[in-house]
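The lines below spell out each chain.
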Amino acid sequence: CCFHRKGSQEMLELTSNYTSPSITFFLIGIPGLEVTHLWLLVPLSTMYIVALVGNSLILTVIWVDSALHEPMYYFLCILALVDIVMATSVVPKMLNIFWSGDGIIGFAACFTQMYVVHAATAVETGLLLAMAFDRYVAICKPLHYQTILTQQTMLGISVAIILRATTFMTPLSWMVSHLPFCGSLMVPHSYCEHMAVAKLGCADHMPSDLYSLIGSSIIVGIDVIFIATCYSRILQAVFRLSCRDAQLKALSTCGSHVGVMALYYLPGMVSIYVAWFGQDLVPLPVQVLLADFYLVIPPTLNPLIYGLRTKQIRGRGWSILKSCLPDQAN
């Protein structure tokens, strides 16, 4: 493994003067914590398997059961698909790096990964807002639910979320991919995170960094404000209920949703702001781990919180699993 890593570094040094798409990057993994790479294989593999199985089960259940073809489950289905794409775009390469030290990644593959990862995160935050709005309408305006969340409205929301993500990511990817790379091609990260790659460029990468910082802050800021508004209205409606059991159930559901959102937003935004303002305060390995957790933990927890805790999905999913098992009576 060490021999392979050394050879890869020498090869990259030889190709470091190229500025065309023929160049090759090398992902280091977690800088300074290479000795822990093998120890990270087990938890990372486990979370990836849980994410794949859980989100695939949700997709299957919603597709099979026509009773679940409602706005809430429609958004949940898209969220599960985005989680699979987001996790699959980074985790297999991470596992390869941690296991064999093979961090070589081509120019096109690196920027494709960069685009998919950051576009998926932008889509996911929009979906979290859409799901919060769905719950707000269902709880606070139940009589108008069918008239507000029509198929046309859901399609419009979905298209707007995707357009926003692609509109944000296309200029960012273009700016970073058109930088000349004439120095080291060693990316101090586990995946092609745009700021880590941009810093390797020979030209000024400040425009792309500023664009990323301002764009991410605007998107996340707007979404968080509206999500907080939706859940505050939901809590106000819940506290007006006379049944204490209903209050506790609603509080438990909202609490779990807010917890997942905190795990989604905090590591991502902290990693962005730390890269800008706290590089000397937070060690680089911690910054990389925050960015990695930001992409792995939400796809693992989302099917558990949003899906399997839902009675309809849990019951239908259990029925599907039992039908797949051999009949014990035979």
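Residues numbered from 1 in each chain as written. Predicted model: local features only at pLDDT ≥ 70, side-chain atom pairs only at ≥ 80, totals over all residues. Heavy atoms only, no water.

How we decide: UniProt positions are given in the numbering used here, feature names are shortened, and annotations may be inferred rather than shown by experiment.
Taking an unreviewed UniProt entry as the reference, the protein chain is identified by name as Olfactory receptor belonging to Monodelphis domestica. Per UniProt, the protein chain carries the Function (unreviewed entry) text "Odorant receptor." Under the UniProt heading Sequence similarities (unreviewed entry), the entry covering the protein chain gives this text: "Belongs to the G-protein coupled receptor 1 family."

1. Looking at helix α3 (residues 71–100)
Rules: Counting from the N terminus, the helices are the DSSP runs of H or I reaching at least four residues and the strands are the DSSP runs of E reaching at least two. Every helix has an expected span of 1.5 Å times one less than the residues it contains. At any given residue, the bend is defined as the angle formed between two axes, one fitted to the seven residues that end at that position and one fitted to the seven that begin there.
When the terminal C-alpha atoms of α3 are compared, their 44 Å separation across 30 residues agrees well with the 44 Å that a helix rising 1.5 Å per residue should span. At T88, α3 is bent by approximately 30°, the largest bend along its length, and proline P92 sits one to four residues beyond. A positive phi of about 80° marks G101, the residue just after α3.

2. Re the layout of surface pockets
To be explicit about the condition: A cavity, in this analysis, means grid points on a 1 Å lattice covering only the protein atoms where a 1.4 Å probe fits yet has no way out; a pocket is instead an open set bounded by protein on both sides within 12 Å along at least five of seven lines, and a residue lines either one if it has an atom within 4 Å of a point. Grid points are joined across faces, edges and corners, and a volume is the space filled by probe spheres set on the points. Three classes are used: nonpolar for Ala, Val, Leu, Ile, Met, Phe, Trp, Tyr, Cys and Pro, charged for Asp, Glu, Lys and Arg, and polar for all others, with Gly counted as polar.
Considered as a void within the structure, the second largest pocket measures approximately 600 Å³ in volume. Taken together, 35 residues form the lining of the second largest pocket, with E193, H194, M195, S271 and I272 sitting closest to its centre. If you list the elements that add at least two residues to the lining of the second largest pocket, you get α4 (107–140), α6 (151–177), α7 (194–198), α8 (206–239), α9 (244–277) and α10 (284–308). In terms of residue count, the dominant contributor to the lining of the second largest pocket is α9 (seven residues). Counted by class, the lining of the second largest pocket contains 22 nonpolar, 11 polar and two charged residues.

3. Looking at the UniProt feature "transmembrane region" (unreviewed entry) in the protein chain
As recorded in UniProt, the feature "transmembrane region" (unreviewed entry) lies at residues 21–40, 46–64, 71–92, 104–133, 154–176, 210–231, 251–276 and 288–308. Spanning residues 46–64, this segment combines 100% helix with 0% strand, and its end C-alpha atoms are found 27 Å apart.

4. Notes on the packing of α3 against α6
As a reminder of what qualifies: To obtain an axis, a line is fitted to C-alpha atoms, over the contacting stretch when the element is a helix, and the angle between two such axes runs from 0 to 180 degrees between their N-to-C directions. Note on angle classes: values under 35 degrees are labelled roughly parallel, values over 145 roughly antiparallel, values of 65 to 115 roughly perpendicular, and the remainder oblique. Here is the rule for handedness: rotate from the far helix to the near one, and if that takes an anticlockwise turn smaller than a right angle the crossing is left-handed, while a clockwise turn gives right-handed. Only heavy atoms matter for contacts: two residues are in contact if any of them lie within 4.5 Å across the pair.
Remark: α3 packs on α6, axes separated minimally by 11 Å, with the N-to-C direction vectors making an angle of 25°. Here α3 lies roughly parallel to α6, going by the angle between them. Every pair of crossing elements has a handedness; the one defined by α3 and α6 is right-handed. Residues P71, Y74, F75 and I78 of α3 form the contact with α6, whose participating residues are M154, I157 and S158. Within the contact of α3 with α6, the residues separate by chemical class into six nonpolar, one polar and no charged.

5. Looking at the pattern of salt bridges
For the record, the criterion: Salt bridge, as used here, is a side-chain nitrogen of Lys or Arg placed within 4 Å of a carboxyl oxygen of Asp or Glu. Accessible area is worked out with a 1.4 Å probe on protein chains only. A residue is then buried under 20% of its type maximum, exposed over 50%, and partly exposed in between.
With the rule as written, the count across this model stands at two salt bridges. Here D134 ties to R135 by a salt bridge, and the two come within 2.7 Å at their closest N and O atoms. Note on R135: relative accessible area 23%, which makes it partly exposed. One salt bridge in this structure joins D223 and R164, with 2.8 Å as the shortest N-O distance. Here D223, found in helix α8, pairs with R164, found in helix α6; they are 59 residues apart in sequence, far enough to count as distant.

6. Here's the deal with the packing of aromatic side chains
Quick reminder of the rule: For this analysis, a ring pair means two rings from Phe, Tyr or Trp (six-membered ring only for Trp) whose centres lie within 6.5 Å, classed as stacked if their planes differ by under 30 degrees, edge-to-face if by over 60, and tilted for the remaining angles.
By the definition in use, this model includes eight aromatic pairs. For the ring pair F111 and F181, a centre distance of 6.5 Å and an interplane angle of 55° mean the geometry is tilted. On the criterion of sequence distance, the pair formed by F111 in helix α4 and F181 in the loop between α6 and β3 (186–187) is long-range, its members being 70 residues apart. For F111, a relative accessible area of 8% gives the class buried. Between F133 and Y136, the aromatic rings sit 6.4 Å apart at their centres with planes inclined by 35°, giving tilted as the arrangement. Separated by three residues within a single helix, F133 and Y136 lie in helix α4, roughly one turn from each other. Taking the relative accessible area as the measure of exposure, F133 reaches 29% and is therefore partly exposed. Using a relative accessible area of 15% as the deciding quantity, one classes Y136 as buried. Put simply, the rings of F25, F107, F111 and F181 touch in pairs and so form one group of aromatic residues.

7. Looking at the packing of α4 against α8
Interaxial distance between α4 and α8 falls to 9 Å at its minimum, and their mutual angle equals 20°. Between α4 and α8, the angle falls in the class roughly parallel. For the element pair α4 and α8, the recorded crossing hand is left-handed. Across the interface between the two elements, T125, G126, L128, L129, A132, F133, R135, Y136, I139 and C140 of α4 pack against I219, D223, F226, I227, C230, Y231, R233, I234 and A237 of α8. A class-by-class count of the residues in the contact of α4 with α8 yields 14 nonpolar, two polar and three charged.

8. Quick notes on α6
With 27 residues, α6 should cover 39 Å at 1.5 Å per step; its first-to-last C-alpha distance of 38 Å lies within 8% of that length. Residues M154, S158, I161, A165, F168, M169, L172, S173 and V176 constitute the buried set of α6. Check the buried side of α6 and you find it contacts α3, α4, α7 and α8.

9. Considering the side chain of D223
Basically, it comes down to this: Each polar contact in these results corresponds to two N or O atoms within 3.5 Å; when the atoms are within protein, one needs to be able to donate a hydrogen and the other to accept it, and residues that are neighboring in sequence are counted only if both atoms are side-chain atoms.
Residue classification places D223 among the buried positions, given a relative accessible area of 1%. Among the polar contacts made by the side chain of D223, one reaches the side chain of T125 at a distance of 2.9 Å. In this view, D223 contacts T125, G126, L129, R164 and Y265; residues no more than four positions away in its chain are not counted.

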